[in-house]
Amino acid sequence: LYTSFTTILQPGDEVILFEPCYDSYIPNIEINGGIAVRIPLNFPDYAIDWDVVRKKITAKTRAIVINSPHNPTGVVFTEYDVHQLRKVVEGTNIIIISDEVYEHLIFDNKQHQIILLFLL
């Protein structure tokens with residue numbers, strides 16, 4: 001993650017992330033001069049409000065960090081989420097940093113959405 005942020009961020013670049021989030025995201029963004037733009041997940045299902053994401057995007061938005069299955073909530077991105085993400089970044093230079101380290105820890109017969117396959 002650190003290498004990813006170091007590679008893409010310049011001072012003042014914004015990175016959208018969803019809270020609660022893995023505790024190393026924000027320090028890694030900030031040490032590279034970036035600004036963490038925090039968007040809270042909606043309780044109790046920890047869903048992303050994609051209208052809020054659209055409103056938070058600015059000319060300085062360099063990346064969006066997603067984590068599925070999400071750490072610490074365990075929420076798994078749905079096809080709807082992937083579709084919304086694709087619509088949000090379409091026509092932009094926003095980079096998606098997809099942290100899928102827990103892809104094999106999915107229960108309840110949910111299916112892991114491999115983000116790269118949907119964004120090609």
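Here, every reference points to the structure presented above.
For the structure given in this document, a descriptive report is provided here.

Thresholds, definitions, all that
Residues numbered from 1 in each chain as written. Predicted model: local features only at pLDDT ≥ 70, side-chain atom pairs only at ≥ 80, totals over all residues. Heavy atoms only, no water. Helix = DSSP H or I, 4+ residues; strand = E, 2+ residues; numbered from the N terminus. Buried < 20%, exposed > 50% of the residue type's maximum accessible area, 1.4 Å probe, protein only. Contact = heavy atoms within 4.5 Å. Areas by Shrake-Rupley, 256 points an atom, 1.4 Å probe, with all protein chains shown as cover. Pairing = 2+ DSSP bridges. Axes fitted to C-alpha atoms, helices over the stretch in contact; angles between N-to-C directions. Arc of directions from axis to C-beta.

**Some words on the overall build of the protein chain**
Of regular secondary structure, the protein chain possesses five helices and four strands. Secondary structure elements of the protein chain occur, N-terminal to C-terminal, as α-β-α-β-α-β-α-β-α. Buried positions account for 42% of the 120 residues belonging to the protein chain. Partitioning the intrachain contacts of the protein chain with sequence separation of at least 6 by distance along the chain shows that 61% fall at a separation of at least 24. In the structure as shown, the protein chain presents an accessible area of about 7,100 Å², 53% of it carried by carbon and sulfur atoms.

**Digging into the sheet that holds strand 3 (residues 61-67)**
Pairing is parallel in the open sheet, where four strands are placed in the order 2-1-3-4. Each edge of the open sheet carries a strand with a single partner, namely strand 2 (35-40) and strand 4 (95-99). Along the sheet, successive strands turn relative to each other by an average axial angle of 25°, direction set aside. One ladder, built from three bridges, connects strand 1 (residues 14-19) with strand 3; its direction is parallel.

**Quick notes on unusual backbone geometry**
Here the bond from F43 into P44 is cis, since omega is 10°, no more than 30 degrees from zero. Mapped onto the fold, P44 is located in the loop between strand 2 and helix 3 (50-56). Following S68, the chain continues to P69 via a peptide bond in cis, the omega torsion being -10°. By secondary structure assignment, the location of P69 is in the loop between strand 3 and helix 4 (79-89). The backbone of Y46 sits at a positive phi, close to 55°, despite the residue not being glycine. Note on placement: Y46 falls in the loop between strand 2 and helix 3.

**Points about helix 4**
Every buried residue of helix 4 is accounted for by D81, V82, Q84, L85, V88 and V89. Down the axis of helix 4, the sector holding all buried residues measures 160°, keeping them to one side. G91 lies just past helix 4 and shows a positive phi near 80°.

**Focus on the environment of K60**
Note on placement: K60 falls in the loop between helix 3 and strand 3. With 48 residues separating them in the primary sequence, K60 and G12 have C-alpha atoms 7.2 Å apart.

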